[in-house]
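Letter by letter, the chains look like this.
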Amino acid sequence: MSGGRRTAMEIVMPTPRSPIPFPYPGERATVTVCRLRDEVGPVVPVELAGGVGGWLATGYEAVSEVLAGEHTLFSKDARNFGGLHDGSIPPDWPLRQVLEADHMLNKDGAEHRRLRGLVGRAFTQTRVQGLAPRIEELAGHLLDGLAADGPVDLVAGYTDPLPVVVICELFGVPEEEREDLRRRAATLISLTSAPEEIGKAWNDLIAHLTGHIERRRRDPRDDLTTALVQAQEQDGDRLGDDEILWILWLVILAGHETTVHLIANAVIALCADPDQLALAREKDAWAEVVEEALRSRSPMSAGLFRYPLREVELCGVRIPAGQPVLVGFGGTGTDPARFGADAARFDISRGQEPHLGFGRGPHFCLGAPLARLEARIALSRLFGRFPGLRLAVPPEEIAYTPSWITEGPLALPVILGVT
Ligand code: HEM
């Protein structure tokens, strides 16, 4: 507990309040999380688009408590709770299939530990580090392709293509199939896609990944898909094809947009503060830039639901068993109660304070080492190549993604400053 914050028992919340729309109409989801944290409280009843209700944990302490109670106080498995069965999550709600799917982010306890263990045998530190030269090469290639004159959209030309190509290299997906994969994943995660578009993208992605796994069973290569096919515990336990399918599916969905936004959000923060950019250059502090962007410009606004296994009291607010709780990751790093009055300021010299940008506990981001490596290389290569790079529009004119899960710029117009 940090400086002067009241304890959970001391906070008297007049609950239940009537649900507040989340995100607030016309507002970025992270802005709403932070506003609710500062103006309403650590745990707020909210209603998402489509009429789906729940509770939002808005600040560092509330989110930490939820993550600490993972699998003992809170379940991740929507399939065991109301909402999917009682009609409060409509059949065509854009994220319904994600909640129903059989991936590890929806699993608890022993089932989750088994999958993490087997995946860990394939998705090793050595495999991630082995990608570094290829990421350098891909970043260089994309930078070569940027037009030197006039404003350039850095999202379209650099931050968006890089992570998806890296994931495809990791899986061993052939070059000609990569654009299809990217488009399908983007449709699934975009909360503005029409239900029929989502249905088609879903079926196409599943068929694509199923075919890819079959090919790797027949024709093993040095890639993650083959390593997952071959992963085996000492007791002989192996992953089935369906389990591998859901792992690949989850890595695409969890690992693409988040990394795109991390890199883009860091570029905006650095361009908005030339002193920080100069410091990053002088000290070659790109790893610190990445951590500070994860803390203060979180690529995630809110994670998916958790469900209390029994009635719980979270920062003084009583939540009935089974009611969905959203984790407001985007409100944790800028919480003044945890990081002080200047919490929202991007400052790479503040020291590496533990942030929750990759979550915490059993579901801690599986791809954190890859995301860190990729973002560090992407930023150092970008600012190394274009020392005069600057934003082509004031930061407040940049439009952000409409999602309440991940958040980053839709487009990022910059002047490369090449003479
Ligand atoms: C889980 C953030 C990149 C794969 C998570 C969680 C967070 C997160 C907060 C926990 C979610 C929760 O507890 O509900 C991020 C951010 C990224 C990033 C901010 C980039 C900046 C990646 C990448 C991959 C990946 C590159 C894969 C290559 C996963 C997977 C999980 C996960 C598989 C689920 C782990 C489990 O359930 O045990 N991520 N992630 N993520 N992430 Fe990431």
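Residues numbered from 1 in each chain as written. Predicted model: local features only at pLDDT ≥ 70, side-chain atom pairs only at ≥ 80, totals over all residues. Heavy atoms only, no water.

A. Structural view of the pairing of strand β3 (residues 52-57). Burial within β3 is extensive, with five of its six residues counted as buried. Direction of pairing for strand β2 (residues 43-48) relative to β3: antiparallel, over a ladder of six bridges. Following the sheet pairing, L48 is matched in β3 by V52. The loop that links β2 with its antiparallel partner β3 comprises three residues; one of these, G50, has a positive phi angle of about 95 degrees. Taken together, the three bridges between β3 and strand β9 (residues 325-327) define a ladder with parallel strand orientation. (Buried < 20%, exposed > 50% of the residue type's maximum accessible area, 1.4 Å probe, protein only. Helix = DSSP H or I, 4+ residues; strand = E, 2+ residues; numbered from the N terminus. Pairing = 2+ DSSP bridges.)

B. A look at the packing of helix α9 (residues 178-189) against helix α10 (residues 195-218). With their axes 9 Å apart at the nearest point, α9 and α10 run at an angle of 135 degrees to one another. Taken together, the axes of α9 and α10 lie oblique to each other. Crossing of α9 against α10: the hand is left-handed. Contact residues: α9 offers L181, R184, T187 and L188, while α10 offers E197, I198, A201, W202, D204, L205, H208 and L209. (Axes fitted to C-alpha atoms, helices over the stretch in contact; angles between N-to-C directions. Parallel < 35°, antiparallel > 145°, perpendicular 65-115°, else oblique. Left-handed = near helix turned anticlockwise from the far one by under 90°. Contact = heavy atoms within 4.5 Å.)

C. Expanded view of unusual backbone geometry. Of note, the bond from F22 into P23 is cis; its omega dihedral lies within 30 degrees of zero at -10 degrees. Relative to the assigned elements, P23 resides in the loop between β1 (20-22) and α1 (29-39). In the Ramachandran plot, H71 falls in the positive-phi region, its phi being about 75 degrees despite a non-glycine side chain. Residue position: H71 is located in the loop between α2 (60-68) and β4 (74-75). Unlike most non-glycine residues, C315 shows phi in positive territory, near 50 degrees. Here C315 lies in the loop between β7 (312-314) and β8 (317-319).

D. How the structure looks around the site of the ligand. Inspection of the region around the ligand gives 27 residues, with H112, R116, R306, H363 and C365 positioned closest. One of the side-chain nitrogen or oxygen atoms of R116 is found 2.8 Å away from an oxygen atom of the ligand. Measuring from an oxygen atom of the ligand, one finds a side-chain N or O atom of H363 at 2.7 Å. Assessed atom by atom at 2 Å from the grid points, the ligand resides in the largest cavity. Elements with a contribution of two residues or more to the shell around the ligand: α4 (109-122), α12 (241-255), α13 (257-272) and α17 (368-385). The element best represented in the shell around the ligand is α12, accounting for four residues. Among the residues forming the shell around the ligand, the class breakdown is 16 nonpolar, eight polar and three charged. (Near = heavy atom within 4 Å. Polar contact = N/O pair within 3.5 Å; in protein donor to acceptor, adjacent residues only side chain to side chain. 1 Å grid on protein atoms, 1.4 Å probe; cavity = no way out; pocket = protein on both sides within 12 Å on 5 of 7 lines; lining within 4 Å. Sits in = over half its atoms within 2 Å of the grid points. Nonpolar A, V, L, I, M, F, W, Y, C, P; charged D, E, K, R; others polar.)

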